[in-house]
Amino acid sequence: MSQAVPAGAGGHAVRVEDVPDPGVDERASRRTYTARYKLEVLAEYERLDKAGKGALLRREGLYTSLISAWREQRDKGALAALSATRGPRPADSAAGGNARLAAANARLTAELDKARQVIRVQGELSALLAQLSQQSADRPESEPQK
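It should be emphasised that the depicted structure is a prediction, and the values quoted were computed from it without experimental measurement. (Residues numbered from 1 in each chain as written. Predicted model: local features only at pLDDT ≥ 70, side-chain atom pairs only at ≥ 80, totals over all residues. Heavy atoms only, no water.)

Enquirer: What is the right way to look at the overall build of the protein in this model?
Expert: Of regular secondary structure, the protein possesses 5 helices and 2 strands. Counted from the first residue to the last, the protein has its helices and strands arranged as β-β-α-α-α-α-α. A total of 146 residues make up the protein; the buried ones form 10% of that total. For the protein, the share of sequence-separated contacts (at least 6 apart) that also reach a separation of at least 24 residues comes to 49%. (Helix = DSSP H or I, 4+ residues; strand = E, 2+ residues; numbered from the N terminus. Buried < 20%, exposed > 50% of the residue type's maximum accessible area, 1.4 Å probe, protein only. Contact = heavy atoms within 4.5 Å.)

Written out as structure tokens, the structure reads:
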């Protein structure tokens, strides 16, 4: 069973299902403007007289407060920064790669120097132990230790 909306001036009842959707989103979304669009609108706005400025604002659906904010952004140089591509900047492969390789080279060189020193000490220790072993083997059992 469908509900009916009370009859209007014409005396006709309208079912609730027949009422058209007002076309309004459930959640409003903010409009975003590119830096290029802002600069184009500012340039056009500043060329026009008072009546033309109002017509431009109505045509584009803008407010004077936006124009003021965009003008401040332009004067600070923010629009030039916004016009740059978004996302991570492409890495300078030569400079970044060279710095990374130089750091790795320094780290590996330090490790190699340490390993060489350990090997040298191990060789000296091995030679010393071999010498002590030879001396103890050459000494007769009857001799007292000094």
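The structure having been displayed, the exposition proceeds.
Enquirer: Just to check I follow, could you spell out the nonpolar core for this structure?
Expert: If you look at soluble globular proteins, the nonpolar side chains tend to sit buried side by side. Judged by nonpolar contacts, Tyr33, Tyr37, Val41, Leu42, Tyr45, Leu56, Leu57, Leu62, Ile67 and Trp70 together constitute the single largest core of 10 residues. Tallying contributions element by element places helix α1 (residues 35-47) first for this core, with 4 residues. Residue contacts for Val41: discarding those within four places in its chain leaves Leu56, Leu62, Ile67 and Trp70. (Core = buried A, V, L, I, M, F, W, Y, C linked by side-chain atoms within 4.5 Å.)

From the geometry alone we can't say anything about function, so treat these as descriptive.
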